[in-house]
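Secondary and tertiary structure notes
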Amino acid sequence: MERAELSMRIGAALCLFLVSIVSALSGSYEKILITFNDKGREAEHIETHSITWEELPVVSGYVNQLELFGFRKCVTLKWQNKVSGYIESDQISLIKELSFVKSVSFLKRYHKNRGLPKKASTVAMVTDDLYTLTGISALHSLIEQQGNVPGNSIRIGIIDDSFLLGNKAFDHLYAENLIKEQWNFINGDSLTNINRSFGDSHGARVLSQIAGELEGRFKGIANQAEYLLYVTEDMTPEYYGEEDYLAAAIERAAENGARVISISLAYRYDFTSEPEHPYNYIDGKSSPASIAALGAARRNIVLCAAMGNEGGYHPAPNIAVPADADSILSVGALGADENVCSFSSQGPSFDGRVKPEIGAPGCPAPVINPVTTEGLENASGTSMSTPIIAGIATLLRQLYPDASAEDVRMSIMLSGSRAEQPDNIYGHGMVNAEEARRILDSFVKNKLPESEAAGLYEVYRSRSGFLAINIFQNISHVIRIQTLDGKTVFYKSGTGMRRYVVPQLRQQQLYLLLMSTVNGKQSRKIMF
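This text gives an overview of the structure that appears in the document. (Residues numbered from 1 in each chain as written. Predicted model: local features only at pLDDT ≥ 70, side-chain atom pairs only at ≥ 80, totals over all residues. Heavy atoms only, no water.)

1. Considerations on the nonpolar core
Within the largest apolar cluster, 61 residues are counted, with the highest numbers of intra-cluster contacts made by L207, Y227, L229, I389 and I412. With 9 residues, the top contributor of residues to this core is helix α11 (residues 382-399). Setting aside its immediate chain neighbours within four residues, I412 contacts L329, I358, I389, I392, A393, L396, V431 and A436. C74, I159, I186 and A254 belong to the second-largest nonpolar core, a separate cluster that totals 41 residues. (Core = buried A, V, L, I, M, F, W, Y, C linked by side-chain atoms within 4.5 Å. Buried < 20%, exposed > 50% of the residue type's maximum accessible area, 1.4 Å probe, protein only. Helix = DSSP H or I, 4+ residues; strand = E, 2+ residues; numbered from the N terminus. Contact = heavy atoms within 4.5 Å.)

Quick look at the structure:
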């Protein structure tokens, strides 16, 4: 066993031990998230080693010093330079004074009572219906015409609560060695809650929509892909927040080659007068899980996250994390009639971005029954809608291996039945996989090479505080700036070297810049 893996197992074991005694100690231990000021002297050599600051590990010496105060590590988050773990309450004020500690935040206890929709008692929708409704069949046909199989060589990270894979629908995953890694972040091992047994497994249902296969009866959307299975959710009725585990799983999926990540977990915990996550926390940059989700998007990964199932229980906006992250696909649940499911959570995010981005069938959707050998059932929830979008993203990445994650994401959004008028109930509407493929094909064929884009224009903030765009080449061009929900706020066309000033943009808000020339097109996000 490698030293790093042994350390992870020991850390997880200590966390579990502390969890077991927290109640007995009347709350004397707290689970906290510590942010460090720096990454030590190694950060001085980033350029020499051709590595970014985020990829540098958390300084182990800092963690060692924390342990002198009784701190017991659970996970480290190197992208965010954070560590989570347990410590006695009376030690927290002391570690806040350490020179390398930037901040300390609490991961609170909560009750798991989120009113998830009940499973349908009979199978009302089958995969053929699902594929016809969403246009997946056309992508399968195209892949088969190319002599390939759905999902081949594309790696998908699935993050959930358990993977009890006794149903025969998962036999081929083992026979063909398609499970490339599995890890339980709570227990620190590769076996707990990931095995060939039976039980009420949320993760098995989610995985089946992408990976399941029962000949002639059921077919997952990308059932020949490669899978990374990560458990981050503990199903104990009362437990500490698990966003640190989820963030760690996102990092690990990225490091292990995931090109798509599917997350059917959503955290809001409470909607009382003093919720653990008030609405101003749902801004895409407060939760460690949401920060990690954006980090995955920046690393060219299509990340899909469930919106949550609070629509029928609490007034909107009732979006949860990590669905609030920017540059991802948050997924709402729709019926076969394309009407929103009553439970599907609604946006916007606290900073005003349209959420969800897209919708998919979720009341109901066909899945395997994880408590039986060959059974099928229907299940409802945004949890069931999310892997459908992740499966479509996988097929698109297979068909267009050079397309960026942002291009795949935008093509899926623009394929929606309400793409012209997205809102915070439906997002861009019901996905259409074939339409997404046509849009992506256009993106790829008309893409302006990065080398040309770099020498064509620059975007910067002028001295007067406005956004400025300089065109460097004597070439015809069209510039459009849109909000992320599709509203055009600036449009100019011209020829030759020009300078444009855009005075009406709001600061600290994301926009989409679209540049078109006779040579092609480019899109990029800008923060003003």
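Next, the rest of the story.
2. Notes on unusual backbone geometry
For residues that are not glycine, phi is negative in most cases, and the peptide bond is trans in most cases. Between A316 and the following residue, P317, the backbone shows a cis peptide bond with an omega angle of 0°. Backbone torsion omega between V321 and P322 reads 5°, so that peptide bond is classified as cis. The residue P322 is located in the loop between β15 (302-306) and β16 (329-334) in this model. A positive phi angle, near 55°, is found at N177, a position not held by glycine.

3. Regarding the environment of S516
Within the fold, S516 resides in strand β25 (residues 510-517). Take S516: its relative accessible area is 24%, and that puts it in the partly exposed class. Residues S516 and S493 lie 23 residues apart in sequence; the distance between their C-alpha atoms is 9.2 Å. Not counting residues within four places of it along the chain, the set of residues in contact with S516 comprises S476, H477, V478 and K521.

4. Topic: the pattern of salt bridges
Pairing between side chains becomes possible if they bear opposite charge and their charged atoms approach one another. The tally for this structure, following the rule as stated, stands at 20 salt bridges. One salt bridge connects E144 with K219, and the closest N-O pair in it is separated by 3.8 Å. In this pair, E144 sits in helix α6 (residues 136-145) while K219 sits in strand β11 (residues 218-219), placing the two residues 75 residues apart along the sequence. Residue classification places K219 among the partly exposed positions, given a relative accessible area of 28%. Between R438 and E435 there is a salt bridge, with the nearest N and O atoms lying 2.6 Å from each other. With a gap of 3 residues between them, R438 and E435 both fall in helix α13 (residues 433-445), about one helical turn apart. (Salt bridge = Lys/Arg side-chain N within 4 Å of Asp/Glu carboxyl O.)

5. Some points on the pairing of strand β21 (residues 467-471)
Among the 5 residues that make up β21, 5 are buried, leaving the element largely enclosed by the rest of the structure. Taking every second residue as pointing to the same face, both faces of β21 are buried, with L467, I469 and I471 on one and A468 and N470 on the other. Sheet topology places β21 next to strand β24 (residues 499-502); 4 bridges connect them, and they run antiparallel. The residue of β24 that forms the bridge with L467 is V502. (Pairing = 2+ DSSP bridges.)

6. Digging into the packing of aromatic side chains
Applying the stated rule across the entire model yields 6 aromatic pairs. A ring pair is formed by F36 and F100, whose centres lie 5.9 Å apart and whose planes are at 55°; its orientation type is tilted. Highlighted residues: F36 in strand β1 (residues 29-36) and F100 in the loop between α4 (92-96) and β4 (101-106), separated in sequence by 64 residues. Judged by relative accessible area, F36 falls into the buried class, the value being 2%. Centroid distance Y62 to F100: 4.4 Å. Interplanar angle 5°. Geometry classified as stacked. With a gap of 38 residues between them, Y62 in helix α3 (residues 60-67) and F100 in the loop between α4 and β4 connect regions that are remote in the sequence. (Phe/Tyr/Trp six-rings, centres within 6.5 Å; stacked < 30°, edge-to-face > 60°.)

7. Section: helix α12 (residues 405-414)
For α12, the tally of buried residues reaches 8 of 10 residues, placing the bulk of the element in the interior. Along α12, the residues that are buried comprise A405, D407, V408, R409, M410, S411, I412 and M413.

8. Quick look at the state of the cysteines
Covalent bonding between the sulfur atoms of two cysteines defines a disulfide. According to the stated counting rule, one finds 1 disulfide in the structure shown. Linked covalently through their sulfurs, C341 and C363 form a disulfide whose S-S length is 2.0 Å. The sign of the -85° torsion about the S-S bond sets the C341-C363 disulfide as left-handed. Of this pair, C341 sits in the loop between β16 and β17 (358-361) while C363 is found in the loop between β17 and β18 (365-368), placing the two residues 22 residues apart along the sequence. Judged by relative accessible area, C341 falls into the buried class, the value being 4%. (Disulfide = S-S within 2.5 Å.)

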